[in-house]
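Commentary on secondary and tertiary structure
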Number of protein chains: 4
Amino acid sequence: MGVSGNRWNFGVLPKGSRNLITDVPGVRVGQVTLSGEQMETGVTAILPHEGNLFRSKVPAAVHVINGFGKSTGMMQVQEMGNIESPILMTNTFSVSAAIDGALTWLMERNPEIGDTTGTVNPLVMECNDGTINHIRMRHVTEEHALQAIANAAEDFEEGAVGAGRGMRCYGLKGGIGSASRLVTVGEETYTVGALLLTNFGAKADLMICGEPFGKQIASGEREIDKGSVIVILATDAPMTCRQLGRCTRRAQNGLARTGSHTGNGSGEVVVMFSTQNQIPHFPEEAVLEGKFLHDDKLEQFFKAVTECVEESVISSLIHAETMVDRRGNTVHSLSEYLK
Amino acid sequence: MGVSGNRWNFGVLPKGSRNLITDVPGVRVGQVTLSGEQMETGVTAILPHEGNLFRSKVPAAVHVINGFGKSTGMMQVQEMGNIESPILMTNTFSVSAAIDGALTWLMERNPEIGDTTGTVNPLVMECNDGTINHIRMRHVTEEHALQAIANAAEDFEEGAVGAGRGMRCYGLKGGIGSASRLVTVGEETYTVGALLLTNFGAKADLMICGEPFGKQIASGEREIDKGSVIVILATDAPMTCRQLGRCTRRAQNGLARTGSHTGNGSGEVVVMFSTQNQIPHFPEEAVLEGKFLHDDKLEQFFKAVTECVEESVISSLIHAETMVDRRGNTVHSLSEYLK
Amino acid sequence: MGVSGNRWNFGVLPKGSRNLITDVPGVRVGQVTLSGEQMETGVTAILPHEGNLFRSKVPAAVHVINGFGKSTGMMQVQEMGNIESPILMTNTFSVSAAIDGALTWLMERNPEIGDTTGTVNPLVMECNDGTINHIRMRHVTEEHALQAIANAAEDFEEGAVGAGRGMRCYGLKGGIGSASRLVTVGEETYTVGALLLTNFGAKADLMICGEPFGKQIASGEREIDKGSVIVILATDAPMTCRQLGRCTRRAQNGLARTGSHTGNGSGEVVVMFSTQNQIPHFPEEAVLEGKFLHDDKLEQFFKAVTECVEESVISSLIHAETMVDRRGNTVHSLSEYLK
Amino acid sequence: MGVSGNRWNFGVLPKGSRNLITDVPGVRVGQVTLSGEQMETGVTAILPHEGNLFRSKVPAAVHVINGFGKSTGMMQVQEMGNIESPILMTNTFSVSAAIDGALTWLMERNPEIGDTTGTVNPLVMECNDGTINHIRMRHVTEEHALQAIANAAEDFEEGAVGAGRGMRCYGLKGGIGSASRLVTVGEETYTVGALLLTNFGAKADLMICGEPFGKQIASGEREIDKGSVIVILATDAPMTCRQLGRCTRRAQNGLARTGSHTGNGSGEVVVMFSTQNQIPHFPEEAVLEGKFLHDDKLEQFFKAVTECVEESVISSLIHAETMVDRRGNTVHSLSEYLK
């Protein structure tokens, strides 16, 4: 639901009805949250459409802002320009569990995978939640990934949930944030949605809608800008993978406006897909037909991406509850400062 | 006309009727050859179609194999996925003259450029012909570039002509080489054509159809593999710029089979365009329609690129006449060894 | 001299003594400004050090934020990790004149270029000043480029000068802006400097230090975010070309904080060099020695780049004088709004 | 041991004493081979040096020739220019098991990982052995990966072993192949080694030292060029990650000379590391010292990479034994045709 009812207003474009990535028709999000002794982590799954993802792939692009990360599956997205699996997010050391979950889910639905046709490319994104979660214990299992996928729905929670359970952002409690924007081209209105896993930034650097909020709440000693952020973008506008790639490169604008300088140890990866012009795994014809926006019409989509990403960061901070990290330090919710 | 009537046969795919890049319908090539005192250089121009190139752009991709070169215009091709100018080739220090020629030609045909619409992106490729040509004298002028464009036709010469006049390849006389292949997908037959500017390799390394020809003709002292090569590829198959990019990355296969290890000082750039799915500068609709091959159908195009590029290298060597370099050394034609 | 004596303060790091790119020892900037009937353009040259640039190359990297541009020379910088020429900036259709100037200057100082050694790679960056300057007339000549290089000094003007003469940024008069920051690592203090050619953004989007300044001064109808920006970064910190590349990718943070969403038609290119660990063209030894910062120590450099770039944009706007464009519209200086 | 005692001789450079990647001092290879009912697969591990890989990282680069693959860990290698884990190879659906093995091994040796310092980046490469192995059954476990690492030694087998157990290459039995070359620069002699996992190509396309061997042994119907290939390169020459990257881009030359056109569905990834200039995880000084070859001296390394890779492909074919695939078809060893 993004950020609302506060003093901030992110950008100028109209928002979707939920102000979530699921405003893009067909997109669903499911999560599993693990909470217990030394365990504060989880899985978040994004399903690009309701059909068979392997047999009907979505055009897609990825962009690496800073590559200090262990996310997997991007190489094939870049080569083939499509996504053929759920997009899973989890902690750094649970990438393997998420891969296994995605494979199991995809193989169940497609008995031909690895038998009479080729393999399939799971897309798993990660951030390191090791300050709050005991990441070395690798709590996430294949079953958690399967459950997150099974939970996929249009409504989902933001904040300290799913993969975002143990994340920390701008010295505050981070996690899952989402927002959406509407872009009208001629007589058509399209939706752009963002979902972020936020785990980056130093407290003193936090900016909210241009306000140097972090300076007001940071005390003394500078921390370093560490951690990572994953940005998932979706649209129902007809774009080629090259055009989606152009959009992904605008995500950095939104992140930058929240104050970060993109830290050395940050894994910052952006993924974007369009639900239009799906590509069949088993094509009936050698030549496919498609419809695509002229590049001159992308301008407002670039603004939409910038706005969505900025708002999603702040939304993750507002929705995340206050927690205590592995060393007993309190990690505050931004909402505490807004009362 | 590629290589024919010799003992070699490059690959297995059928050739186009001319065995030249101009077998792709609409593609034309024009050249200007400069020859005189300390002057052995020129310009080669490739026109992707017969219409207004700025107003009807061709989908395109570029690939850098080794970036030791001064070719220009590739950045915008990568971002926008299209070419909107003639493709010019010349010597390294005449890139500026060729840019000027392209600009003049494009501005004459499009008075709106730089006035009521944006600018235009000339694509100029180069190799260093400084062993044979006195490159510091910058013999090529804007007018030569304009003349090369004006000379564009379906028939053109290979060998020591145009931009290839002063080039040296595998220790022999290099220059312009071209070839084409036919690829049938279902009931449609498409053409892939290549035109190369060859200026790379060491004599002892030359391989022709797997035959270690260079070892037989090289004498003693190893030279180093220096110089560059430009590869222009064209097709009338409907491909997206991503797919064209995949094709460009197969050009290295063809080059490698002629024996080079891709030298340190080599500028090796590949450009490919499709004449299908042209993109209007002034679109009538926000949403464009297109037709594209499924990636599963690209297999034979990858083979076609590999074969065309290999044959074009050897064709440039066979067609180039023997010349004497600036220091009085004879640079032999491969054809001398084939009598 | 960046932005000072105003209500804004960009970031937290200390500034260099001039608050200009020339705070990096050895770096000099020279400019030529052309002003007359339908002519408002020029050339800006950055010289990385005072020695022979070809024989002693500086480690360098380039990064393309949005590739709708005609800048040239980047391919070789990426392959070889160095710069061996002055960096020239001018208008889009004068790239060829600037190449010629750079070549003449480099060949005069290095008679071996193109004769007994290879060629040289001019680095020329551009923006389209066609709203104010009659760009089709190609006013800039080789001699102007040579004069800009000859004018190189530690002191230089910002605003509507040199290549910035006819530029337009956020609907205001843009041009040349510069700033610097100091970064202390252990007992060493290093300098990071930026010089920008600003020609991008829509008025309503302008943000200054988080303040939505553009909204206050924009009237009615939204313009689109068009035009381009060139970012040149310098440092005396010892960094490899990979590390310089990491820094270049932070320039987008600074640009984003001034409000742009990175427009469709924008050529946004970032170049960075270090004056340390220069690479000889004619090495005395096969193995070179170097010193480099550990990546953990890059954190504050990333912040410095972000801050410098943001301040340089605003500095270009503050220093540029009000001008009238080719169609008689006034293009205001930001300084008019600050009285 | 590469290819010896046959009629072929790959290239001109001298070979290392073993003609294996382990000729590079400190490099070791370990393997686990799984063979049984519907199970023909395994793991191959390459250890860049004998010390603590996480605390002393090796400079490295990766290059994607064709990105249809699921290998993981490359993003961080590209960003940081180093490798900090064993390099594991296995089948496509066992990437997760190999990640788990690498993590367990690294965490055991470095209790600070994920606790007081950041995470670690496992590098896992894969090919699809699904024609011979029942890949959907995911036979490989974390323990197999650990065992492969534990088996690391200077001597190792080539052919249908380790990750290569179930691979198929040029319609013949593929698997693991390795070779090495010596490069002398001044008074120093360096080693370049390659280890390949071969699983690509169509039988009719196979070329051996320029000989069209595949045409002689292929019968009738063309198969398509499918499958993948992983290339691991090592050297003890002092190179920066940029220079290692330049070397990786020459691997395609070696592959191309064995006849492939780089198929549509091929995951072709190249990794190279140098054992020199290791980078400490916990640096004692902010500024590190290094020694690096001048780029002019890379020429013979490019040739060495080309030669090693070509020979390694053929070596994998010669050493692999004849097997029967899941559908009862015999997959022949190349050695059968050489008797």
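Quantities reported herein were computed from a predicted structural model and do not represent experimental measurements.

Cut-off values and rules
Residues numbered from 1 in each chain as written. Chains lettered and ligands numbered in written order. Predicted model: local features only at pLDDT ≥ 70, side-chain atom pairs only at ≥ 80, totals over all residues. Heavy atoms only, no water. Helix = DSSP H or I, 4+ residues; strand = E, 2+ residues; numbered from the N terminus. Rg over C-alpha atoms; globule rule 2.2 N^0.38 Å. Buried < 20%, exposed > 50% of the residue type's maximum accessible area, 1.4 Å probe, protein only. Contact = heavy atoms within 4.5 Å. Areas by Shrake-Rupley, 256 points an atom, 1.4 Å probe, with all protein chains shown as cover. Lys, Arg positive; Asp, Glu negative; His and termini not counted. Charge placed at Lys NZ, Arg CZ, Asp CG, Glu CD. Pairing = 2+ DSSP bridges. Least-squares fit on C-alpha atoms with pLDDT ≥ 70 in both. Salt bridge = Lys/Arg side-chain N within 4 Å of Asp/Glu carboxyl O. Axes fitted to C-alpha atoms, helices over the stretch in contact; angles between N-to-C directions. Phe/Tyr/Trp six-rings, centres within 6.5 Å; stacked < 30°, edge-to-face > 60°. Lys NZ or Arg CZ within 6 Å of the ring centre and 35° of its normal. Buried area = accessible area lost by both parts, 1.4 Å probe. Polar contact = N/O pair within 3.5 Å; in protein donor to acceptor, adjacent residues only side chain to side chain. Nonpolar A, V, L, I, M, F, W, Y, C, P; charged D, E, K, R; others polar. Expected span 1.5 Å × (residues − 1).

1. Focus on the overall build of chain A
- Within chain A one finds 7 helices and 16 strands.
- For 339 residues, the compact-globule estimate of 2.2 N^0.38 gives 20 Å, and the C-alpha radius of gyration of chain A, at 19 Å, lies within 12% of that figure.
- Seen along its three principal axes, the alpha-carbon backbone of chain A occupies a region of about 65 × 45 × 30 Å.
- In chain A, which comprises 339 residues, the proportion classed as buried is 70%.
- In chain A, 78% of the contacts between residues at least 6 apart in sequence involve partners at least 24 apart.
- Summing over all exposed atoms, chain A offers an accessible surface of approximately 10000 Å²; the carbon and sulfur share of this is 46%.
- Each charge class in chain A can be summarised by its mean position, and for the 29 positive and 39 negative side chains these summaries are 7 Å apart.

2. A look at the pairing of strand β11 (residues 228-235) of chain A
Residue and element names in this part refer to chain A.
- The element β11 is extensively covered by neighbouring structure, given that 8 of its 8 residues are classed as buried.
- With burial as the criterion, each face of β11 is covered, one bearing Ser228, Ile230, Ile232 and Ala234 and the other bearing Val229, Val231, Leu233 and Thr235.
- The sheet contact formed by β11 and strand β12 (residues 267-274) spans 7 bridges and is parallel. Directly across from isoleucine 230, in β12, lies its bridge partner valine 269.

3. Topic: the relation of the copies chain A and chain D
- At an RMSD of 0.0 Å, chain A and chain D line up after a rotation of 180 degrees and a shift of 0.0 Å along the axis. These values place the two chain copies in the arrangement generated by a two-fold rotation axis. In terms of proximity to the rotation axis, the leading residue of chain A is serine 96 of chain A, whose C-alpha is 2.1 Å off the axis.
- With an isologous cut-off of 70% or more, the 100% of interface residues of chain A that recur at the interface of chain D puts this contact in the isologous class.

4. What to know about the pattern of salt bridges
- Evaluated as defined, the whole model comprises 84 salt bridges over all chains.
- Close ionic contact of arginine 55 of chain A with glutamate 112 of chain A constitutes a salt bridge, the shortest N to O distance being 3.0 Å. You can see arginine 55 of chain A sitting in the loop between β2 (39-47) and β3 (56-67) and its partner glutamate 112 of chain A sitting in the loop between α2 (95-109) and β6 (123-127), a full 57 residues away along the chain.
- The exposure class assigned to arginine 55 of chain A is partly exposed, which follows from its relative accessible area of 35%.
- Classification of glutamate 112 of chain A by relative accessible area gives buried; the value is 10%.
- Between lysine 15 of chain C and glutamate 311 of chain C there is a salt bridge, with its nearest N and O atoms 3.2 Å apart. With lysine 15 of chain C in the segment before β1 (28-36) and glutamate 311 of chain C in helix α7 (residues 299-319), this pair connects stretches of sequence that are 296 residues apart.

5. Brief notes about the relation of the copies chain D and chain B
- Taken as rigid bodies, chain D and chain B are interconverted by a rotation of 180 degrees and an axial shift of 0.0 Å, the fit giving an RMSD of 0.0 Å.
- A share of 100% of the interface residues of chain D reappears at the interface of chain B, consistent with the copies meeting face to face through the same patch.

6. Structural notes on the sheet that holds strand β5 (residues 87-91) of chain A
Residues and elements named next belong to chain A.
- If you trace the 4 strands from one edge of the open sheet to the other, you get β1-β2-β5-β6, paired in mixed fashion. Each edge of the sheet is formed by a strand with only one pairing partner; in this case those strands are β1 (28-36) and β6. When strand polarity is set aside, the average angle formed by the axes of neighbouring strands in this sheet is 15 degrees.
- Alignment of β2 against β5, held across 3 bridges, turns out to be antiparallel. Opposite threonine 44, over in β5, you have methionine 89 as the bridge partner.
- Along the sheet, α2 contacts β2, β5 and β6; its crossing angle with β5, the most-contacted strand, is approximately 155 degrees.

7. Quick notes on the packing of aromatic side chains
- Per the counting criterion, the structure on display carries 14 aromatic pairs over all chains.
- The cationic tip of lysine 57 of chain B hangs over the ring face of phenylalanine 54 of chain B; the distance from NZ or CZ to the ring centre is 4.1 Å.
- The ring centre of phenylalanine 302 of chain D lies 3.7 Å from the NZ or CZ of arginine 250 of chain D, which sits over that ring.

8. Looking at the interface of chain A and chain D
- Across the boundary between the two partners, chain A contributes 44 residues, which contact 44 residues of chain D.
- A combined buried area of about 3600 Å² lies between chain A and chain D, and 53% of that area is made up of carbon and sulfur atoms.
- Considering only the surface of chain A that becomes buried against chain D, Met75, Phe93 and Arg136 of chain A emerge as the three largest contributors, covering 20% of it.
- Counting across the chain A and chain D interface gives 6 salt bridges.
- Our enumeration of links across chain A and chain D arrives at 29 residue pairs in polar contact (both at pLDDT 80 or more).
- Elements with a contribution of two residues or more to the side of chain A that touches chain D: β3, α1 (74-80) and α2 of chain A.
- Of all the elements, α2 of chain A adds the most residues to the side of chain A that touches chain D, at 7 residues.
- Residue composition of the side of chain A that touches chain D, by class: 16 nonpolar, 18 polar and 10 charged.

9. Points about the sheet that holds strand β6 (residues 123-127) of chain B
Residue and element names in this part refer to chain B.
- Spatially, the 4 strands line up as an open sheet ordered β1-β2-β5-β6, and their pairing is mixed. For this open sheet the edge positions go to β1 (28-36) and β6, each flanked by a neighbour on one side alone. Going from strand to strand, the sheet's axes swing by 15 degrees on average, the running direction of each strand aside.
- Pairing of strand β5 (residues 87-91) with β6, which is carried by 5 bridges, proceeds in the parallel orientation. Within the sheet, the bridge partner assigned to methionine 89 lies in β6 and is methionine 125.

10. A closer look at the interface of chain D and chain B
- Contacts between the two partners involve 29 residues from chain D, matched on the other side by 30 residues from chain B.
- Buried area between chain D and chain B, summed over both chains or domains, comes out near 2600 Å², and the portion from carbon and sulfur atoms is 37%.
- Three residues, His261, Asn264 and Glu299 of chain D, lead the burial of chain D against chain B; their summed loss comes to 26% of the area buried on that side.
- Linking chain D with chain B are 2 salt bridges.
- Across the pair lysine 303 of chain B and aspartate 205 of chain D runs a salt bridge, and its minimum N-O distance is 2.9 Å.
- Inspection of the chain D/chain B interface yields 32 residue pairs in polar contact (both at pLDDT 80 or more).
- Those elements that provide at least two residues to the side of chain D that touches chain B are β3 (56-67), α6 (251-256) and α7 (299-319) of chain D.
- Of the residues forming the side of chain D that touches chain B, the biggest block, 4 residues, is contributed by α7 of chain D.

11. Thoughts on helix α7 (residues 299-319) of chain B
- The first and last C-alpha atoms of α7 of chain B sit 30 Å apart over 21 residues, in line with the 30 Å expected at 1.5 Å per residue.
- The buried count for α7 of chain B comes to 19 of 21 residues, which makes it a mostly enclosed element.

12. A closer look at the side chain of glutamate 79 of chain C
- Structurally, glutamate 79 of chain C is set in helix α1 (residues 74-80).
- Residue classification places glutamate 79 of chain C among the buried positions, given a relative accessible area of 5%.
- For glutamate 79 of chain C, the side chain forms a polar contact with the side chain of arginine 246 of chain D, separated by 2.7 Å.
- The residues touching glutamate 79 of chain C, leaving out its near neighbours within four places in the chain, are Asn66, Gly67 and Phe68 of chain B together with Arg242, Arg246, Arg249 and Arg250 of chain D.

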